[in-house]
Amino acid sequence: MSDEPQPQQPKPGRAPREPQADGDPATPPAKASDAPGTPPDRGDQADTDPGTVQMRAVSEPGKARKPAAEGSDKAPAKAQSESQTQTQTQSNTDPGTVQMRAVKGTAGTQGAGTPDREQARTQPDSDPGTVQMRAIKGTARTPGAGSPGTAPAAASAPATAAAPATAAASADSDPGTAQLPTVSDQGGAPAAPAGKRKRTGWRRVIPTWRMTLGAAIVVVLLLAGGFFLGYSLVQIPPANALATKQANVYMYADGSVIARDGEVNRENVTLAQISKGAQHAILAAEDRDFYTESAVDPKAMLRAAWNTALGKGKQSGSTITQQYVKNYYLRQEQTVTRKAKEFFIAIKLDREVSKDHILEGYLNTSYFGRNAYGIQAAAQAYYGMDAKDLDPARAAYLSALVNAPSQYDVVAHPENRRAAESRWNYVLDGMVKKGWLSASERAGMKFPVPKESTLSTGMSGQRGYIVRTVKDYLTQNKIIDENKLDAGGYRITTTLQKPRQDAFVKAVDDKLMSKLDKKNNKVDNYVRAGGASVDPKTGKVVAMYNGVDYVKQYTPNATRRDFQVGSTFKPFVFTSAVENGSQTQDGRVITPNTIYDGTNKRPVQGWDGDPYAPENEDQHSYGDITVTEATDSSVNSVYAQMAADVGPQKVKQTAIGLGIPEATPDLADGPAIALGTATASVLDMAQAYATLANHGRHGTYTMVEKVTKAGTPIELPERRTRQAVSREAADTTTSMLQSVVQNGTASAAQVTGRPVAGKTGTAEEDTAAWFAGYTPELATVVSVMGQDPVTAAHKSLYGAMGLERINGGGAPTEIWTQFTQDALEGKPVTDFDLELQPGSDISEAPADPTTADPTAGDTPDESGTPTGEETGTETPGQTPSTPAGQTQGQTDGGTTDGSTGGESPTGGGTADGGTTDGGTTTEGGTADGGTTEGGDASDGGATGGPTGPGWGFAPQGARRE
């Protein structure tokens, strides 16, 4: 670098000073004022006039003097003066003078190692009231090396090193002095006012760009932090109870729906069980980019919120994933918390499961109206079909329903059809746009109006009964646990056949219910009916009747076990006799032609227990009579003796083998078992008679054909059959029961025009009447029962339907006949293929006839017929005592079938209407332990029957067979 000093720039208005040669000791200062200790003469001298405000001098470029070069012989004071270009404002001693100090800007000099800091110091003002203002140091640019007028600073100068580097305001010793800063101008321009200019007016409320940017950054950071915090805290919860609750679907054997139970009408199906048309329709309606988009759509959410705020109606910006999360994991309330959870769960779920899984769940949880949750329930509710059978047109309508289920139901709201069709078209157009439906196919579609009347999911009518009995069957046979069944989701195909089920209901209505006058006849309010029909070869229950309406009468009459079966039990006694090769007391083999003494109240012989002498229907004595004739007329004295001949325990085991449950109440061990003291159900009896029809081969009845859950079959127990009794025993019984229809109390069954075998029966006090019969194809049992609808007490049926009494040959047989005709309509007529007991056609009289009961003698019975004259079978229709209005062919006033009491073991007169000849009412007395309760025995004496447990005796005086 050159040692020649650079010329300084002249100050405006002044002549430039001549540059001094650095290092020349002989060169004097340019002015006298430049001498050491004298302030530079710059025209900035202080004004000594009182009140004068003194302003700082602005140092101009080129005025800064550089310290002398090393080796200069000038005095140190001069070297300092040349290294510092300082303007000092003189003290103003006049009161009120404002003094301002000048702050020298940094003079940038070119050259390495040259200090360029200079200081301006304002002298202290000792005058009171002086205001001192400091000057803000500016930067004075010094031209670079070689520029004209620029004096290069020396590389080093001791004098310069000792100079102060900062500008400081001199202390003002005068109280009240204020110091104000002045800004040294760069390049000689006037100084700017000190500090920032304040914002005024409306500008104060508008944030600056710095504030806006800072706020945006804070918001972004908060959102990011909140997202990660929410994602980490919110976990996928278990499904809510409503989403998992399903209905169990009960169907007929042909697949048509009977009923759906449970609070929620839902049946979950797999995606494979939903037609492609239905899948594409729901996507077109709700989320067309479901398979390609993320789990959430923030833009759609904001758009929906904006449209809702503008009053365009509540709109949803949720994806299918979010809607599924809401349906399956959360609740439906509209809260910020729920929406936030939905957001995070949807994101997590989308990462953990497939899109197919989410779509399947969505289709099973969405609500379609008509109490239908899920696409399967909706397909049944609106079109009566399964989801797998939905075509694009129907699927598009169901998909439109999701948007507004009640509004778009054109059956319930025909006024909204235009809106529904618009939505339907929107769905179809979306399917075409996505390539899921061809334009030509779309053009030919017509709006598929749903069914006018859909299947009710209620439990009214027979539906509730069927659901209850099937559920009992599933749980009692340990096919499905009760708790799991209550949770729902099972698809249960029953063995019930809809045409036959409908036929059974119609038969009961035609032959019984339509003939009741509940308003004018009190007894008609007691009438109940139960029925069951079983296929003998398969054991399948094909039809049942349980009552008029499940919501009015809750107890299923086909499965209840509280009414005695009466004389319908007698065939089991004969079957056991043939099966065991039993003989009479005098050693004769028991066959249909074996002769017994049919005398009324004849004491049972060969019985080690208490004496037992049952009475016959209407106290009628028959004398010697064949087993077939005794069966036709339901003679109690004959069958009580036969039970003793066979052995009551053997009879019981035969009945159990045929299908009567071992735990059946009142299944007695004594001779009274023959009179039907057991309270088996209608379905139990149908199963036992089906075994007889199947040639003695028994298989437990079944009510369920198939059970599935979510498409997966539930294993059913294998149905095993066994030969309960020999074919000869069963077939011989069948042959004998055919005579009951042709010659006995069940002649009304001949109307079927088919071979029929059956037996009538009545319960004690006529509280129930039965008919159990079968053809080669069908075994059916019908019972008409009496029960108080308020107290549930068993009631006699005297006077029901305007008749003196109801017996087994009346309404029960008539119902059975109409049902069997309808159920077998179009089926070929077949005969029984029987293999009879050897010698069954041979009649053998007793070797030593027993003397008739002396009490019977010539004493006329209730009908006025001398009992001593009865020596043979009473032919149908010839009994004088038959009440008016009874069906022809009924003997001794007809027979009824019961379930509330055992056979009366003693004589003593008959009770008509429930009172004994002694006038004491026996109603209310039950047969327990063989004694009557609630009244005296007939004729004022004891019953005279056995008193041990298990006999199941009823009060004396009942009219029954």
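Quick summary incoming for the structure in this document. (Residues numbered from 1 in each chain as written. Predicted model: local features only at pLDDT ≥ 70, side-chain atom pairs only at ≥ 80, totals over all residues. Heavy atoms only, no water.)

1. A closer look at the overall build of the protein
- Counting its secondary structure elements, the protein contains 23 helices and 20 strands.
- For the protein, the residues scored as buried account for 52% of the 961 residues in total.
- For the protein, the exposed surface amounts to about 41300 Å²; the carbon and sulfur share of it is 52%. (Helix = DSSP H or I, 4+ residues; strand = E, 2+ residues; numbered from the N terminus. Buried < 20%, exposed > 50% of the residue type's maximum accessible area, 1.4 Å probe, protein only. Areas by Shrake-Rupley, 256 points an atom, 1.4 Å probe, with all protein chains shown as cover.)

2. Notes on the sheet that holds strand E18 (residues 757-762)
- In space, the 5 strands of this open sheet follow the order E11-E10-E20-E19-E18, with antiparallel pairing throughout. Single-partner strands in this sheet number two, and they are strand E11 (541-545) and E18. Across the sheet, the mean angle from the axis of one strand to that of its neighbour is 5°, orientation sign disregarded. (Pairing = 2+ DSSP bridges. Axes fitted to C-alpha atoms, helices over the stretch in contact; angles between N-to-C directions.)

3. Regarding the pattern of salt bridges
- Under the criterion given, the structure shown has 25 salt bridges.
- Note that Arg-491 and Glu-267 form a salt bridge whose closest N and O atoms lie 2.3 Å from each other. Within this pair, whereas Arg-491 is found in strand E9 (residues 490-494), its partner Glu-267 is found in the loop between strand E8 (257-260) and helix H5 (276-286), the two being separated by 224 residues in sequence. No difference in accessibility class separates Arg-491 from Glu-267, as the two residues are buried.
- Note that Asp-386 and Arg-491 form a salt bridge whose closest N and O atoms lie 3.1 Å from each other. With Asp-386 in the loop between helix H10 (375-383) and helix H11 (392-403) and Arg-491 in strand E9, this residue pair connects regions lying 105 residues apart in the sequence. Assigned by exposure class, Asp-386 and Arg-491 land together as buried.
- Residues joined by salt bridges that share partners form a network here, namely Arg-260, Glu-267, Asp-386 and Arg-491. (Salt bridge = Lys/Arg side-chain N within 4 Å of Asp/Glu carboxyl O.)

4. Some remarks on the nonpolar core
- Formed by 119 residues in total, the largest nonpolar core has its most connected members in Leu-474, Leu-512 and Phe-572.
- The residues touching Leu-474, leaving out its near neighbours within four places in the chain, are Ile-479, Ile-480, Leu-485, Ile-492, Val-704 and Val-707.
- Core analysis: the next-biggest nonpolar cluster, separate from the first, contains 57 residues, Ala-278, Ile-282, Ala-378 and Phe-447 among them. (Core = buried A, V, L, I, M, F, W, Y, C linked by side-chain atoms within 4.5 Å. Contact = heavy atoms within 4.5 Å.)

5. What about the pairing of E8?
- Direction of pairing for strand E7 (residues 249-251) relative to E8: antiparallel, over a ladder of 3 bridges. If you follow Met-251 over to E8, its bridge partner there is Val-257.
- Between the end of E7 and the start of E8, which pair antiparallel, lie 5 residues, with Gly-255 showing a positive phi angle near 95°.

6. Thoughts on the sheet that holds E7
- The mixed open sheet is built from 5 strands, whose spatial order is E8-E7-E9-E15-E16. Each edge of the open sheet carries a strand with a single partner, namely E8 and strand E16 (712-713).

7. Concerning the side chain of Gln-787
- Tracing the backbone shows Gln-787 in the loop between strand E20 (779-786) and helix H23 (811-823).
- What Gln-787 contacts, discounting residues up to four positions off in sequence, is Asn-525, Tyr-526, Arg-528, Arg-560, Ala-792, Ala-793, His-794 and Lys-795.

8. Description of the packing of aromatic side chains
- Evaluation of the coordinates by the stated rule reveals 16 aromatic pairs.
- Ring geometry for Tyr-473 versus Tyr-701: centroids 6.2 Å apart, planes at 40°, classification tilted. Separated by 228 residues along the polypeptide, Tyr-473 in helix H14 (residues 462-476) and Tyr-701 in the loop between strand E14 (697-699) and strand E15 (704-709) bring together distant segments of the chain.
- Judged by relative accessible area, which is 9%, Tyr-473 ranks as buried. (Phe/Tyr/Trp six-rings, centres within 6.5 Å; stacked < 30°, edge-to-face > 60°.)

9. Some words on the packing of H5 against helix H12 (residues 417-433)
- The contact between H5 and H12 brings their axes to 8 Å, and the two run at 110°. Here H5 lies roughly perpendicular to H12, going by the angle between them. When H5 is examined against H12, the residues Gly-277, His-280, Ala-281, Ala-284, Ala-285 and Glu-286 are found in contact with a partner set consisting of Arg-423, Tyr-426, Val-427, Gly-430 and Met-431.
- Here the contact of H5 with H12 is built from residues that sort into 6 nonpolar, 3 polar and 2 charged. (Parallel < 35°, antiparallel > 145°, perpendicular 65-115°, else oblique. Nonpolar A, V, L, I, M, F, W, Y, C, P; charged D, E, K, R; others polar.)

10. Digging into unusual backbone geometry
- Positioned with a positive phi, Gln-619 is a non-glycine residue whose angle comes to about 60°.
- Within the secondary structure, Gln-619 is located in the loop between strand E12 (595-597) and strand E13 (624-626).
- With phi around 60°, Asp-666 is a residue other than glycine that occupies positive phi space.
- Mapped onto the elements of the fold, Asp-666 is located in the loop between helix H20 (648-658) and helix H21 (682-693).
- By relative accessible area, which is 45% here, Asp-666 ends up partly exposed.

11. Looking at a nonpolar patch on the surface
- There is a patch of nonpolar side chains on the surface, built from Trp-209, Leu-213, Ile-217 and Leu-221 and spanning about 460 Å² of accessible area.
- Topologically, Trp-209 is positioned in helix H3 (residues 209-233). (Patch = residues over 30% accessible without salt bridge, like charges linked within 9 Å, V, L, I, M, F, W, Y side chains within 5 Å.)

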